[in-house]
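Survey of secondary and tertiary structure
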Amino acid sequence: ASKLAQIFLFPLIAAYFGTNGELESFFVAFSIPMLMLSTLLGSFGMVFIPFFTEQRLKHDDSMVWNFASTLITVVLLLSSAITVLSIICSPWLFSTIAPGMSFHYKELGIMLTRYLSVTILLFTGTVIFTAIMNSYQSFILPAVIGFIANIVIIVPILIVRQRITINILVAAYVFSAASSAIILGFFSKAFWQGYR
């Protein structure tokens, strides 16, 4: 579902912004946290879900959850550190990925990178909550949430239309990431608290 929404999302963004420097700055800034996320969490779900499920079947829930919560805490702390580093190092990161961009769009891209870096922590939460729910055979909400997240970005674009700015797009994207993490966190809380 989320892939289907993305098929409409990126052409819609391009339709309103054209091929100008602002859109290029956005896509470069967007790619930086995504690259860091894939490095940090590329295989987290694939490793966590089978391990956690297997250990839950073999051992007491409380012991398994104590280990899982320690692992999750480490991942969240690492994600927080990467988020802060991304914000601090955004001028270097942006310049490395887009070295030939003009000064104006480069400055815009650095600012957007700082805003979008927050999504590293938000998407880390989303991946963790999805892994928890999947390990309990709960697949529907995590699958649907990606579609909802893209709709949260698409709706402001359609409402604001010609008056949309790159800042509204970034705000919609950050809000989308936050709402995904909050919704999944709320529903996975039942599993999280179940071992107590």
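Notes on the overall build of the protein chain
Scanning the protein chain from terminus to terminus reveals nine helices and zero strands. By principal-axis analysis of the C-alpha atoms, the protein chain measures approximately 60 × 35 × 20 Å. By residue count, 44% of the 196 residues in the protein chain fall in the buried class. Contacts in the protein chain between residues far apart in sequence, at least 24 positions, make up 82% of those at least 6 positions apart. For the protein chain, the accessible area works out to roughly 10300 Å², and carbon and sulfur atoms hold 72% of it.

Description of the environment of Arg-56
Within the secondary structure, Arg-56 sits in helix H3 (residues 44–58). Along the sequence, Arg-56 and Tyr-136 sit 80 residues apart, while their C-alpha atoms lie 9.9 Å from each other. Contact partners of Arg-56, with chain neighbours within four places excluded, come to Asp-61, Val-64, Ser-135 and Tyr-136.

Brief notes about a nonpolar patch on the surface
Nonpolar side chains collect at one region of the surface, where Ile-140, Val-144, Phe-147, Ile-148, Ile-151, Val-155 and Ile-159 lie side by side and expose about 590 Å² of accessible area between them. Checked against the element boundaries, Val-144 lands in helix H8 (residues 140–160). Val-144 sits in the partly exposed class, given a relative accessible area of 37%.

Procedures and definitions
Residues numbered from 1 in each chain as written. Predicted model: local features only at pLDDT ≥ 70, side-chain atom pairs only at ≥ 80, totals over all residues. Heavy atoms only, no water. Helix = DSSP H or I, 4+ residues; strand = E, 2+ residues; numbered from the N terminus. Buried < 20%, exposed > 50% of the residue type's maximum accessible area, 1.4 Å probe, protein only. Contact = heavy atoms within 4.5 Å. Areas by Shrake-Rupley, 256 points an atom, 1.4 Å probe, with all protein chains shown as cover. Patch = residues over 30% accessible without salt bridge, like charges linked within 9 Å, V, L, I, M, F, W, Y side chains within 5 Å. Salt bridge = Lys/Arg side-chain N within 4 Å of Asp/Glu carboxyl O.

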